[in-house]
Amino acid sequence: MSNEDILRAKYGDAPIELAMVLGSGLSHIIDAVDGEAIKFSELEGFPHGGVSGHNPSMKIGLFEGKRVAILGGRQHYYEQGNAAAMREPIRTLNAMGAKRLLLTNAAGSLRSDMAPGSIMCLSDHINMSGINPLIGEPSDARFVPLTDAHDSGMRTALHKAANRAGETLRDGVYVWWSGPSFETPAEIRMLKILGGDAVGMSTVPEVILARYYKMRVAAISVITNMAAGLSSEQISHEHTKSMAPIGAARLEAVLHEYLQELDPEG
Ligand code: HPA
């Protein structure tokens, strides 16, 4: 049985209006969706690695009355050196008819006016890893254009939702740094010069895969810390997990508004 068949047998095959991936420290947002979870380990080719703060399971169910597929976690490139680790989940969601993907992550801020606890919608990204999930893809379909990878309709709708929720949603460029070690202060100074606003270890491979499958995609970062050298606080994964809930509450407020008024364009 394909993953689509397994998921349809469990959840039915009504259209999925939005697919979502939850980042570090954000996996509890899966509880906002009704229904029983299925473990990634029950689905062929889904990653079941283990970064703490991630929940390797998914659900399809209602969120604000809209049918969503929500993944409680992801596999990162730094876990096994596989940038395409999220390919099968994204392929499956697309095969099930999800046309929109919203990615979330925890990230460090490069901007003094974007403090921990802020949320930022990605206007664009910079791939600093030199890696790409489509390396090895044999067909010409691998030459995916990324000129407007971050969907303008979804971004506009997310900003409107933030306004209705009374939350400030920044806009900015996300830099993918492979990790798992954090950056040095010199690297952060470089990333600022290059035009980055936030830095993190995920999301970009999934944006590329989503565009490969011709899904519309947008992403939101929850800022958990100032990047290396920009403040006196010690950066750590523990710190990321402990700070994520502050921005997560803001993200959740935006998601409720976004889903309430979800329309075909946004
Ligand atoms: N750098 C990279 N990834 C991160 C950070 C950071 O400062 N914070 C949370 N994820």
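Residues numbered from 1 in each chain as written. Predicted model: local features only at pLDDT ≥ 70, side-chain atom pairs only at ≥ 80, totals over all residues. Heavy atoms only, no water.

Q: Provide a residue-level description of the layout of surface pockets, including the pertinent values.
A: Roughly 320 Å³ of internal volume is contained in the largest pocket. A106, F182, M201, H237 and T240 are the residues nearest the centre of the largest pocket, which is lined by 24 residues in total. Elements that contribute at least two residues to the lining of the largest pocket include exactly β5 (100–109), β8 (198–200), β9 (216–226) and α7 (237–260). The element that contributes the greatest number of residues to the lining of the largest pocket is β5, accounting for four residues. Size it by volume and the second largest pocket reaches roughly 160 Å³. Lining the second largest pocket are G153, T156, A157, K160, A161, R164, Y258, E261, L262, D263, E265 and G266. In terms of residues, the lining of the second largest pocket owes the most to one element, helix α4 (residues 152–165), which gives six residues. Of the residues in the lining of the second largest pocket, the class split is four nonpolar, three polar and five charged. (1 Å grid on protein atoms, 1.4 Å probe; cavity = no way out; pocket = protein on both sides within 12 Å on 5 of 7 lines; lining within 4 Å. Points joined across faces, edges and corners; volume = space filled by probe spheres on them. Helix = DSSP H or I, 4+ residues; strand = E, 2+ residues; numbered from the N terminus. Nonpolar A, V, L, I, M, F, W, Y, C, P; charged D, E, K, R; others polar.)

Q: Let's hear about the side chain of S202: which residues, and what values?
A: Mapping S202 onto the fold places it in the loop between β8 and α6 (204–212). Residue S202 is classed as buried on the basis of its relative accessible area, which comes to 5%. Side-chain polar atoms of S202 contact the side chain of T203, separated by 3.0 Å. Filtering out sequence-adjacent residues up to four positions away, S202 remains in contact with R74, H76, N105, Y174 and W176. (Buried < 20%, exposed > 50% of the residue type's maximum accessible area, 1.4 Å probe, protein only. Polar contact = N/O pair within 3.5 Å; in protein donor to acceptor, adjacent residues only side chain to side chain. Contact = heavy atoms within 4.5 Å.)

Q: Tell me about empty space enclosed by the protein, and name the residues and values.
A: Summed over the entire model, instances satisfying the criterion amount to one cavity of 30 Å³ or more. What the largest cavity holds in volume is close to 50 Å³. Lining the largest cavity we find Q75, H76, Y77, N82, A83, A85, M86, P205 and E206. Here the lining of the largest cavity is built from residues that sort into five nonpolar, three polar and one charged.

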